[in-house]
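Examining the three-dimensional arrangement
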Amino acid sequence: MHNTAYETLHLDYLYVPFRVTKEQLPNAIRGMRALNMRGLNVTIPHKAVVLTMLDQVDERAGKIGAVNTIVNTNGILSGFNTDAEGFMRTLVEKDIRIPGKRILIIGAGGAAKAVAFALAEHKARIMIINRSQEKAAALAKQLKDQLQADAAAYSLEESNLREAAASVEMIVNTTSIGMGTADTPIPARYLRKNLLVYDIVYNPLRTQLLREAELKGAMTICGAEMLAWQGAIAFEKWTGCKAPVEIMKNTIYNKLT
Ligand code: ATR
């Protein structure tokens, strides 16, 4: 996605993957400074701890407690969370209005936090359902304390899923359920028309949850959209150029099935 975008715009950048252990993370960040790398994306399990190794952290990333994008400007390392903004951009692009919308978020991990903060900032009314209820409760409390959000938390029980699904206009799956499997986070019988179902899982492109939602006549958004947009926003921070989003999306769609 990134390399295709660089080639398209004739930019002299290269995006490469590095596998970094927890023990080596501080050295990896020092290496970034020493090698004068322009940027990094950071993923599981380093998104939270890397925050402490940077010179400055964007306010939203600080609140979320996770950085997925680092920009190196003359030796000053700044951390951002483009997951949250990327998620919002996919909704804006489709003219989906968030203020006042009742939204069920399934999951309370790192990805859920980025999604929940973005939605709460835009005044959604949020229900969080998670396998570990205490994590859902902690996230709801954080949204209420930091953003004065309308947020409530429940455990991942079928009765809670049924009631929540019946009362919301949008469901977002932020768990890894369905990644490489045909599992779903919510039984198909609770899905219906007039529901927007957003699965941030992007592998497979059409998860079982999205297939079942489509069969019910629900509108769906797949995780590849968010993947492309979080990448596009990082691209713009590193290069200062407008990202060729459609080309980045097509690259993802062509690679994933
Ligand atoms: P990420 O950064 O991708 O969000 P994470 O922080 O490990 O990863 O969060 C994973 C989320 O998926 C959590 O909400 C997790 O539930 P718990 O908090 O109870 O662990 C959820 N999850 C993963 N596998 C699950 C499963 N098989 N059933 C239910 N929830 C699951």
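You'll find the structure just up there.
The residue numbering used here restarts from 1 in each chain and proceeds along that chain's sequence as written. Local features in this predicted model are restricted to residues whose pLDDT is 70 or higher, and side-chain atom pairs enter the listing and the counts only when it is 80 or higher, whereas totals over whole chains, interfaces and linings include all residues. To get the side-chain values, all heavy atoms of the structure are used, and hydrogens and water are removed first.

Turning our eyes to something else, we now look at the packing of aromatic side chains. Any two aromatic rings considered together are summarised by their centre-to-centre distance and by the angle between their planes. Two aromatic rings from Phe, Tyr or Trp, using only the six-membered ring of Trp, form a pair when their centres are within 6.5 Å; if the ring planes differ by under 30 degrees the pair is stacked, by over 60 it is edge-to-face, and anything between is tilted. Evaluated as defined, the whole model comprises 4 aromatic pairs. On the numbers, 5.5 Å between centres and 20 degrees between planes, the contact of Tyr6 with Phe235 is stacked. Taken together, the residues Tyr6 in helix α1 (residues 2–9) and Phe235 in helix α9 (residues 223–239) connect sequence positions 229 residues apart. Neither residue differs from the other here; Tyr6 and Phe235 are each classed as buried. Measuring from ring centre to ring centre gives 6.1 Å for Tyr15 and Trp238, while their planes differ by 45 degrees; the resulting arrangement is tilted. With Tyr15 in the loop between α1 and α2 (25–35) and Trp238 in helix α9, the pair connects residues that are 223 residues apart, well separated along the chain. A helix here means a DSSP run of H or I that spans at least four residues, while a strand means a run of E at least two residues long, and both kinds are numbered starting from the N terminus. With a 1.4 Å probe rolled over the protein chains alone, any residue whose accessible area is under 20% of its type maximum counts as buried; one over 50% counts as exposed, and the rest are partly exposed.

Next up on the list: the sheet that holds strand β6 (residues 125–130). A pair of strands is considered paired only if DSSP assigns at least 2 bridges between the two. Taken in spatial order, the 6 strands make up an open sheet running β7-β6-β5-β8-β9-β10, and their pairing is parallel. Strands with a single pairing partner mark the edges of an open sheet, and in this sheet they are β7 (150–155) and β10 (219–222). Taking the axes of each pair of neighbouring strands and ignoring which way they run, one obtains an average angle of 15 degrees across the sheet. With 4 bridges connecting them, strand β5 (residues 102–106) and strand β8 (residues 170–173) associate as parallel partners. Counterpart to Leu104 in the pairing with β8 is Ile171. In what follows, a contact means two residues having at least one pair of non-hydrogen atoms within 4.5 Å. For helices, the fitted line uses only the C-alpha atoms of the stretch in contact; every axis is such a line through C-alpha atoms, and the angle between N-to-C directions lies from 0 to 180 degrees. Of the strands in this sheet, β9 (196–199) and β10 touch α9, which is tilted by about 45 degrees from β10.

Function cannot be read off these values alone, since they describe shape.
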